[in-house]
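What follows is the residue order along each chain.
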Amino acid sequence: MKYLSLSKFIFMLIMLCFTDIATAHILLPDLICDNMVLQQKTNVQLWGKSSGKIVKAYASWSTNTYATNVLSDGSWEIELQTPEAGGPYKIVLDDGEKKYIRNILIGDVWLCSGQSNMEMPIKGFEGQPVEHSIRTISEASERIPIRLFTVRKNSSKIKQYNCNGKWNTNNSEAVANFSATAYFFGNKLYQSLSIPIGLINASWGGSAIESWMDPDVLRLFPEISQAHLSNMDVVENPHQAASMLYHAMMFPLRKYTIKGMIWYQGERNRFNPAQYEKLLPAFVCNMRTLFGLDKLPFYYAQIAPFGYNDKNHPLSGALLREAQWKCETLIPASGMAVLTDIGDLSCIHPSRKQEVGARLAYLALHDIYDKKGIEARPPRYVSIQIKDGRAILFFERIGMGLSSFGKPLNCFEIAGADGIFRPAKAIIRGKEREEVWNKSIQAPCYVRYAFCNYTEGGLYGCNGLPVSSFRTDTR
């Protein structure tokens, strides 16, 4: 038996490594891989690195050949025109060596982001369940054209150009570990539209909204420190620091064409609701600029009631919900899913995520997909009138009217000029108004509905969607 000398063995090992490098011409970001969903009926980008001079692309839905030059730094981009929803398809990339992307679907792609209530997976957190989880997981099937991409948690002081993750098919294991809010949203869209749905989940529990925003945008908010971005110190809580998640988890997505965005966040910012009222519209503008879509649909979940133990801020949750309520009229092409009725006194992660996803989906189905007959928004308080010792409240977006579904309305409070609120009785009068009173207050001035950290809101529209907490005073 002949043995290789040590020098020959090392030479052959080097040559094998060189051969691998030589044949691995095209490198792609994690977003572009097997099982992905591309946005239908538009121009989408593919991008990556190559050691060649020209990259060509062939898509199985088209007879066209797309080609682009490789830049001096090895980067390249190609724009492809996509057909209407369908698949599966494949794409061949060629720079002298071929690279295949298989099992591609064409449909609608939605970005899903926020903090822990968006991150919470279908299987739940430890000791914190999600309703309908085992049924949803067991019913997952690769025949259902929903695809799932979770951006792995990462943070950075500078912009990153790739994020870690992969596209998964609709199998039980992938569904169990995917965002519950996002999955229920996407599944509701699929049930109604029967087209492939791609869901990209970029979320981090406990994250602040400013951590998801561009530092250039945050210069409008000088009270938010960006000092950590320009020094060498380790950032202990990067998910709460300005721009750290934007750089690592949002910026790398910017070239991927999406249909719209859903957002479930706010708990971390509850101690400064006045600031949040300005941050959220700025964040939406930031996202629309980042993805190059001026009218990017944006739907968000109002934070759910929870028994915050904030001794110095006893109304922190209610005030944050109010800020989100105000933003609904400040942000064009947006909508808010109200969750007044599904909170949990002892758990900040309410289990009824199916309702959250569905309510967000109703907004999209009504606004974007033009589904006739859907009343996607609940009634909204607009004004107060005092008459005969009672406060009369008026609402808009009433549809078929207000309802308590036969139960007493127990979440109202009323106050006179002294601003001391007392429990009140309430009754629905006609289609669009409500009367509120307390016999001990002869000259009422102000009304609050469900305006506390934890509440079990019982006022609905006849469409079954809950009315947001509100107050008529500005104290």
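Here the structure is shown first, and the text comes after it.
### What about the side chain of Arg-254?
Position of Arg-254 relative to the elements: it lies in the loop between helix 7 (244-250) and strand 11 (260-264). Of the side chains bearing the opposite charge, Glu-77 lies closest to the buried Arg-254, which forms no salt bridge; the N-O distance is 6.0 Å. If we ignore the near neighbours within four places in the chain, the residues touching Arg-254 are Tyr-161, Leu-290 and Phe-291.

### Let's talk about the pairing of strand 20 (residues 433-437)
Summarising burial for strand 20: four of the five residues are buried, a large majority. The pairing of strand 15 (residues 390-396) with strand 20 spans four bridges and is classified as antiparallel. Counterpart to Ala-391 in the pairing with strand 20 is Val-436. Taken together, strand 19 (residues 425-429) and the strand that follows it, strand 20, pair antiparallel across an intervening segment of three residues, in which Gly-430 is found at a positive phi of about 70°.

### Some remarks on the pattern of salt bridges
Applying the stated criterion across every chain yields a total of 18 salt bridges. Within this structure, Glu-328, Arg-380, Glu-396 and Arg-397 form a network of salt bridges that share partners.

### Topic: helix 8 (residues 273-290)
Taking 1.5 Å of rise per residue, 18 residues should cover 26 Å, and helix 8 covers 25 Å from first to last C-alpha, within 8% of that figure. Burial analysis of helix 8 places 13 of its 18 residues in the buried class, the great majority of the element. One or two residues past the end of helix 8 sits Gly-292, with phi positive at roughly 65°.

### Things to note about the packing of aromatic side chains
Each aromatic ring pair is characterised by the separation of its centres together with the angle its planes make. Here the structure, examined in full by the defined rule, presents 17 aromatic pairs. Judged by centre distance (6.3 Å) and plane angle (80°), the rings of Tyr-381 and Phe-395 are edge-to-face. Of this pair, Tyr-381 sits in strand 14 (residues 380-387) while Phe-395 sits in strand 15, and the two are 14 residues apart along the sequence. Relative accessible area serves as the criterion here: at 10%, Tyr-381 is assigned to the buried category. We classify Phe-395 as buried; its relative accessible area is 5%.

Procedures and definitions
Residues numbered from 1 in each chain as written. Predicted model: local features only at pLDDT ≥ 70, side-chain atom pairs only at ≥ 80, totals over all residues. Heavy atoms only, no water. Helix = DSSP H or I, 4+ residues; strand = E, 2+ residues; numbered from the N terminus. Buried < 20%, exposed > 50% of the residue type's maximum accessible area, 1.4 Å probe, protein only. Lys, Arg positive; Asp, Glu negative; His and termini not counted. Salt bridge = Lys/Arg side-chain N within 4 Å of Asp/Glu carboxyl O. Contact = heavy atoms within 4.5 Å. Pairing = 2+ DSSP bridges. Expected span 1.5 Å × (residues − 1). Phe/Tyr/Trp six-rings, centres within 6.5 Å; stacked < 30°, edge-to-face > 60°.

What is shown is where atoms sit, not what they do.
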